[in-house]
Every structure is written in C-alpha cells, then in structure tokens.
Amino acid sequence: MAKAIMVQGTTSNAGKSFLAAALCRIFRQDGWRVAPFKSQNMALNSFITNEGLEMGRAQVMQAEAAGIEPSVRMNPILLKPNSDAGSQVIVNGEVLGNMGAAEYYRYKKNLLPDIMKAYRSLSDEYDIVVLEGAGSPAEINLKSGDFVNMGMAKLAGAPVLLCGDIDRGGVFASLYGTIKLLEPDEQKMVKAMVINKFRGDLEILRPGLSMIEKLAGIPVAGVVPCLPVDLDDEDSLSERLSRTTAGALVDIAVIRLPKLSNFTDFNVLSSMPGVGLRYVGSAEQFASPDLVILPGTKNTMGDLAWMRQNGLEALVQRHAAAGKPVFGVCGGYQMLGETLSDPNGVEHGGEMNGIGLLPMKTVFEEQKVRTRASGRFAAVGGIFKGLSGVPFEGYEIHMGRTVPAGPAEAPPLARIETLGGEECRKDDGCFFGNVYGTYLHGAFDREGVAEAVVSALFEEKGLDPSKVRAVDQKAYKERQYDLLAEAVRKSLDMDLVYRILEAGA
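Read on for an overview of the structure.

Thresholds, definitions, all that
- Residues numbered from 1 in each chain as written.
- Predicted model: local features only at pLDDT ≥ 70, side-chain atom pairs only at ≥ 80, totals over all residues.
- Heavy atoms only, no water.
- Helix = DSSP H or I, 4+ residues; strand = E, 2+ residues; numbered from the N terminus.
- Rg over C-alpha atoms; globule rule 2.2 N^0.38 Å.
- Buried < 20%, exposed > 50% of the residue type's maximum accessible area, 1.4 Å probe, protein only.
- Areas by Shrake-Rupley, 256 points an atom, 1.4 Å probe, with all protein chains shown as cover.
- Lys, Arg positive; Asp, Glu negative; His and termini not counted.
- Charge placed at Lys NZ, Arg CZ, Asp CG, Glu CD.
- Arc of directions from axis to C-beta.
- Salt bridge = Lys/Arg side-chain N within 4 Å of Asp/Glu carboxyl O.
- 1 Å grid on protein atoms, 1.4 Å probe; cavity = no way out; pocket = protein on both sides within 12 Å on 5 of 7 lines; lining within 4 Å.
- Points joined across faces, edges and corners; volume = space filled by probe spheres on them.
- Nonpolar A, V, L, I, M, F, W, Y, C, P; charged D, E, K, R; others polar.
- Pairing = 2+ DSSP bridges.
- Polar contact = N/O pair within 3.5 Å; in protein donor to acceptor, adjacent residues only side chain to side chain.
- Contact = heavy atoms within 4.5 Å.

### A look at the overall build of the chain
Then, number 1: In terms of regular secondary structure, the chain is built from 15 helices and 26 strands.
Then, number 2: Computed over C-alpha atoms, the radius of gyration of the chain comes to 23 Å, within 12% of the 23 Å expected from 2.2 N^0.38 for 505 residues, which places it in the range of a compact globule.
Then, number 3: With respect to the principal axes defined by its C-alpha atoms, the chain has extents near 70 × 50 × 45 Å.
Then, number 4: Counting every position in the chain, which comprises 505 residues, the buried fraction comes to 58%.
Then, number 5: Surface summary for the chain: the accessible area is close to 20,400 Å², and the carbon and sulfur share equals 50%.
Then, number 6: One finds the centroid of the 53 positive side-chain charges in the chain at a distance of 3 Å from the centroid of its 62 negative side-chain charges.

Here you go:
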C-alpha cells in the first residue's frame, strides 16, 4: 500500500492542482514512484487517454509532473456541467448520463465502489499517492456522504495539507474558518497549512503566520509565492482567460463561451513570441483580431444562442466576410455550419440555424465519440494553405456528427490515419474560403501546426514569417514542472511534509 497525502483548499482555485503537481514532481525527483488522484472532478477541460477514456485535465497535468502515463484511475468521476443545475456524469472514463444536481447528490453513494477500486489500484502500484480535494472541505451542506474531501482523506488514511489563496484576501479567516467548520476528528487530519499565491515582503506576513498557528493549533508548512509557471489548467477561474495582449504582433481572439471546454488547445499559440491570444466574452472586447477561434463547448446550441444575443455572432460573420480567418474546434466547428439539430435532447434539444460560414450540418447523437487520432492535414486552401501535409496528433471528444448540408463543396481539412491506435482512412473537418473547422483537440500542439498558422498570420500582416518560432511543448512543459517543483521545495518545509507523509492520518 502506498503512503498518501492530500491537498485540500479553502476555496476553488486556491492552487490545489498546482500544489499537488509540485508534490508529484518533488517526490519523483526524490526517487519515489508517485501518482495523483482526485476522486471527483468538475471541469469542462478534459482529456482522452490512450484507451479512449475521458478524465480531467488537472490529473493529466499531475501525471505528467510525476513522469507517468495518465490513467482514468486517477480521476474516476468527472462531472462536466452542461447547464446551471446539471452535468454529464462520467464514470471510469465513460458517460453514465446527464443528471441534475439533486439527482446526482442522491445517486453519488453508488459510485463509492468505483472510486475505491481506482484508488486501491493506484495504491498497490505506486509508493506515494498525492490526493487532491475539490472546492472546500467546509461545504457543510455537502458533507453527508462526502468522498471528495475529508471523506476521501478518511478512506485513504491521508493526512491533509490545507492551502489558502492569499492573493484573494482574507486568507487567515478562510483557513481558520475552514478548520473550525470541520468535525473534531477531521480537524485532527489537517496536519499543516499552506499559504498560496503570495506577493510582497514575507517579513510583513510573519506575525500573521505565528498567530494563525496559535489560533488553529496547526503549523504553517510554508508560503508559496505567485509563480510565473505556464501549465495546463482546467478551471473556469483560470487567470489566462482574463489576460490582455497589448503590444503583440498578431492578435488571436478566442470566444469565451459560457460552457467553454478544452481551452488548453490554444496554449501553444499563446506561448509563441509575438502572438497575443485573448479570450473575448462580449462584443465590446472583440476589437479587430487577425484570427478568431471558436473553441469547444459542452453546450453548442446554448452557447451559440448566447453569441447571437450578445452580438458576437454578427461580429464573427463580419470578420469572415472581410476575408479574415475563422477557426472552429469541436463545438466551435459545429456552430460554424448551417444547422444544428438535437432531436434526442442530448445537449440542448430542438433545432437552430448555425452561423452559416461552413456548408455543413450537425446532428447530435446519444453516443459520445472519444478517441485519439493522428494523421496529416489535407490539401488545405486559403490563408492556412501552409498546413497542407503537416502531421498532427490529437483526440476527438464530442456528441455530434457533422456532414455536408448541400451542394456547396467544403474540402476536408485533415486526413486521419490512425484512430484509437488502429489504422484507418477518415476525413476530419473542412474548410471553405478562410473558414476552417475540425473536431480535433490538441492538434496545434504537434510541431509544425502552430508555426504554419502563425506564419500565415505574420505574412498576411506584412511581417517576416521566418521570425516565427514555436516552443517544443514537451521540453517546455518539463521545464515548467521543474520550475514549479523548485519554487515549492524552497517555499515549503519539506522535512515537515515528509514527516506528515510518514506518520499518515
């Protein structure tokens, strides 16, 4: 059985995922076999494993930090919100169905065997399991039957590090209040506190550290600064969604849809010198981008209605009419067609007109497509003709089928050569003028793809395309994990962390 340690937070976006990733990297650097685990994740940023199973992006990032292949065992329950009060429920990487919040709350006890089977499997295989909680353990209305925070810590016998986000303010109140809302036996499981995202002079903070230790009766393991690391995140509160791009040579606008998913598809573009990538949530923010991207979404029809109501759809149509490029990925690809139909109520129900920039139509089906894919871009025309023949790797994850809507011909964008590890010959996506669409997530990550796109944008603006340089994404990520681990190792009392790990709960 592996030793276990758990990272919980006083709020969502307190930095649990990155702190857990840092511990995974540190333990790996120290010679241990380590795996991440989060019993239940709620996120729209997901990933398809080599087995064609779906899991949360945070545990993929943590697995990469640990130097191991992502496995759905690391995130056995994934909730993907598709309305304000409901989610698609994914168990062991496969869709169980859609449930409202109250229905899921009643049902979730049935999932405990799946969670424990996954956890025990990892525990038997690795030396250390780093667990991550969700939200806050002090959600007192949800504590009954909890298997995400303190309930999971008890099941795994995992001591807890409780982290709070000082950048938001009120960190001492949130730490103290969280601890005092726990049951006495749960309070004993919190072995140390971590203050996260600190900016400023640590000496000014020290009196507060002594006071919170005295009040809570629990040591502060360290103060982690705001770190300039660039790693995949999955939270809708991600700071990258609110970044500005003043001074960039080329401006890429990604529509910030209400049910935006897999925004990590575009991280490689934002890491390229001279490229500004920003997320646009209103007509006022649209401005005059060089490229518009419509990303994936968990509710294509609902989010298209939102674009229609706030004026973004009209701006995208005007942008395309001016000959400027538009690129749709997954749900964004579906939106660009002529019609969308959901006869079985899979996502939204009913039928509606699309944006009308691609001569395609989409029908939503109950069977979810989940598979990894690789191949080459086809003979691409328009501004992105440089993509022709460039190899790609990615994955598909969608619940719709998109086919030609009429006599107008839209040539395929890509030729898939392997699907789910098996050889095949399948067309993906299409292009029509300077409008492009694909079901492939992650395609920009492969060397040569992002360069071709950005080089075309440079050339269109009269800039020298030979100046375009893409970052080696694998090497770049490895460096980011090392930087994260180095900073956290310096910030935490790792001797205390190891003592906590050895002593258990």
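Still more to cover.
### What to know about helix H11 (residues 312-321)
Quick reminder: α-helices carry 3.6 residues per turn. Residues three or four places apart thus point the same way.
Then, number 1: Regarding H11, the residues found buried are Leu312, Glu313, Leu315, Val316, His319 and Ala320. Looking down the long axis of H11, one finds its buried residues gathered within 165 degrees of arc, a one-sided arrangement. Exposed side chains of H11 directed beyond 90 degrees from the buried face belong to Arg318 and Ala321.
Then, number 2: Positive backbone phi, at 85 degrees, marks Gly323, one or two positions downstream of H11.

### Considering the pattern of salt bridges
Charged atoms that come close allow side chains of opposite charge to pair.
Then, number 1: Tallied over the entire structure, the rule returns 26 salt bridges.
Then, number 2: Between Lys80 and Glu54 there is a salt bridge, with the nearest N and O atoms lying 2.7 Å from each other. Taken as a pair, Lys80 in strand S6 (residues 77-83) and Glu54 in strand S5 (residues 54-56) lie far apart in primary sequence, 26 residues in all.
Then, number 3: Its relative accessible area of 4% is what places Lys80 among the buried residues.
Then, number 4: For Glu54, a relative accessible area of 1% corresponds to the buried category.

### Thoughts on empty space enclosed by the protein
Then, number 1: Under the counting rule described, the total for this entry stands at three cavities of 30 Å³ or more.
Then, number 2: Of the pockets and cavities examined, the largest cavity occupies roughly 140 Å³.
Then, number 3: Lining the largest cavity are 15 residues, with Thr297, Lys298, Cys330, Ile397 and His398 positioned closest to its centre.
Then, number 4: Going through the elements one at a time, helix H12 (331-335) and strand S22 (391-404) are the ones with two or more residues in the lining of the largest cavity.
Then, number 5: Broken down by class, the residue content of the lining of the largest cavity amounts to three nonpolar, eight polar and four charged.

### Focus on the pairing of strand S26 (residues 435-438)
Then, number 1: What you see with S26 is no split at all: Val435 and Gly437 on one side and Tyr436 and Thr438 on the other are buried throughout.
Then, number 2: Relative to S26, strand S18 (residues 326-329) runs parallel, the two being bridged by four bridges. Bridge assignment links Phe327 to a residue of S26, and that residue is Tyr436.
Then, number 3: Sheet topology places strand S25 (residues 430-432) next to S26; three bridges connect them, and they run antiparallel. In the sheet register, Phe432 faces S26, and the bridge partner there is Val435.

### Quick look at the pairing of strand S13 (residues 250-255)
Then, number 1: Most of S13 is tucked away, with six of its six residues classed as buried.
Then, number 2: Residue alternation in S13 divides its side chains into two sets, Val250, Ile252 and Val254 and Asp251, Ala253 and Ile255, and both sets are buried.
Then, number 3: Where S13 and strand S15 (residues 275-280) come together, six bridges link them in parallel fashion. By the bridge assignment for S15, Ile252 is matched with Leu277.
Then, number 4: The pairing of S13 with strand S16 (residues 291-294) spans three bridges and is classified as parallel. What sits directly across from Ile252, in S16, is Leu291.

### Quick word on the side chain of Asn75
Then, number 1: Along the chain, the position of Asn75 falls in the loop between helix H2 (57-66) and S6.
Then, number 2: With a relative accessible area of 0%, Asn75 lands in the buried category.
Then, number 3: Engagement of the side chain of Asn75 in a polar contact is seen with the backbone nitrogen of Gly56, the distance being 2.8 Å.
Then, number 4: If near-sequence neighbours (up to four positions away) are discounted, Asn75 is found in contact with Lys38, Ser39, Gln40, Asn41, Met55, Gly56 and Gln59.

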